[in-house]
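Structural characterization, general
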Amino acid sequence: MRIRTLIPLVLAATSLAAQERAAVGQQVPDFSFPQFLNGDGRQKLSEFYGQPIIIDKWGTR
Amino acid sequence: MPSAIRQNHELADKGLITIMVESQGADAKKLEGFLWQRFPDNDCFATTGCFVPIPESRGIPHGAVIGVDGKLLWAGNPIRDKAKIEELVKDQLKLVKKGWGDSGEARKVRAALYGRGNFAVAAAAVKAMDDGDEKSMLQKEVDTRYAISKAAIDNLIKQGFWLQAQAQAKSLLKGVGRHQKWAAEATELVGRFDTDSAKAEIAADKKLAKVIKNMRKGKLDKAPKALKKLISKIGQTSVGARASRTLAAIEG
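1. Looking at the overall build of chain B
Looking only at helices and strands, chain B has 11 helices and 4 strands in total. Here chain B, with 252 residues, has 36% of them falling under the buried criterion. Of the contacts made within chain B by residues no fewer than 6 positions apart, 49% connect residues no fewer than 24 positions apart.

Pasting the structure below:
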């Protein structure tokens, strides 16, 4: 019963996440970053507009 | 990662923003410690644990280039597509310098605003435009950029980056020229660095800058001793709090 309830929720969340991702050529949905190291108080992506932005996802392990 | 740091060193002053997003679950303290140990010369924006709405990948490294207007220009493996990234960034930095948009007015406003940080010229160019949607949009851009630049000064002060805040305040004052409202606000901001407590913070930040300079070169072995000595002298300042955070990060 619990699984039956969860599956639609997981699918809905997955679908929403997929919709929120930009494809090349599209506007990237605005969102907030957590606190930055080396930051100047800008947290939202839109606060960087007017400058090109490189996002680099990496790992510490 | 090292190539992104190097590129940021070369192009940040031309307008490039590089944002490192740690995506293997490190917390902020671990992230800071890791960066100091492995990439001490990193001066990119760095954060951890957030969803970035770019195309999904199976692993890392993974990245994206977002244009000056917020559109996604590329997403993929930054090592594989290094040349492509460099080409896109070069083209975007030309837009920062020359401005972009459908009309000459839009390009003029944006070149002044983003390329030169000249709020006075940007505001005057908007004022001279005919009323309409484009004028409203550009006015909003100018006002937003000014508000962000002003807020950054407060944020830098709160974090103990007094030298950077002072430089930004002076740059803002220069950029607003004789604009009636902004010139008064920017003059007041610059004046905030003339108080005794501000001067103490600035003096402390100059001392910390010397320690950080050596740390950026990878000389971390002597940093804890130097930071502890500094903290004993400037512990009560916001710069002292920043020095304590840095010490905690490198000591793990």
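Text resumes after the structure shown.
2. Things to note about the interface of chain B and chain A
Contacts between chain B and chain A engage 62 residues on the former and 37 residues on the latter. A breakdown of the residues in the side of chain B that touches chain A according to their chemical character gives 41 nonpolar, 13 polar and 8 charged. With 6 bridges connecting them, strand β1 (residues 53-58) of chain A and strand β1 (residues 17-22) of chain B associate as parallel partners. Bridged to Trp58(A) within β1(B) is Glu22(B).

3. Considerations on the domain arrangement of chain B
Domain annotation of chain B identifies domain 1 (2-95), domain 2 (99-194) and domain 3 (196-251). Each partner contributes to the interface: domain 1 of chain B provides 6 residues, whereas domain 3 of chain B provides 7 residues.

4. Quick look at unusual backbone geometry
Glycine aside, residues mostly have negative phi, and peptide bonds are mostly found in the trans state. In this chain, Ile60(B) is followed by Pro61(B) through a cis amide linkage whose omega measures 0°. By the secondary structure assignment, Pro61(B) is in the loop between β2 (45-48) and β3 (62-66). Positioned with a positive phi, Asn38(A) is a non-glycine residue whose angle comes to about 65°. Along the chain, Asn38(A) falls in the loop between α1 (2-20) and β1. For Asn38(A), a count of 19 C-beta atoms within 10 Å translates into the label partly exposed.

5. Remarks on the packing of helix α10 (residues 223-234) of chain B against helix α11 (residues 238-251) of chain B
Residues and elements named next belong to chain B. One way to put it is that α10 packs onto α11 with a least axis distance of 9 Å and a crossing angle of 155°. It follows that α10 is roughly antiparallel to α11 by the angle criterion. Between α10 and α11 the crossing geometry is left-handed. Contacts between α10 and α11 involve Ala-223, Pro-224, Leu-227, Lys-228, Leu-230, Ile-231 and Ile-234 on the former and, on the latter, Val-239, Gly-240, Ala-243, Ser-244, Thr-246, Leu-247, Ile-250 and Glu-251. Its residues placed into classes, the contact of α10 with α11 shows 10 nonpolar, 3 polar and 2 charged.

The rules behind these values
Residues numbered from 1 in each chain as written. Chains lettered and ligands numbered in written order. Predicted model: local features only at pLDDT ≥ 70, side-chain atom pairs only at ≥ 80, totals over all residues. Helix = DSSP H or I, 4+ residues; strand = E, 2+ residues; numbered from the N terminus. Buried ≥ 20, exposed ≤ 12 C-beta atoms within 10 Å, placed from the backbone. Contact = placed C-beta atoms within 7 Å. Nonpolar A, V, L, I, M, F, W, Y, C, P; charged D, E, K, R; others polar. Pairing = 2+ DSSP bridges. Domains from an automatic or database assignment. Axes fitted to C-alpha atoms, helices over the stretch in contact; angles between N-to-C directions. Parallel < 35°, antiparallel > 145°, perpendicular 65-115°, else oblique. Left-handed = near helix turned anticlockwise from the far one by under 90°.

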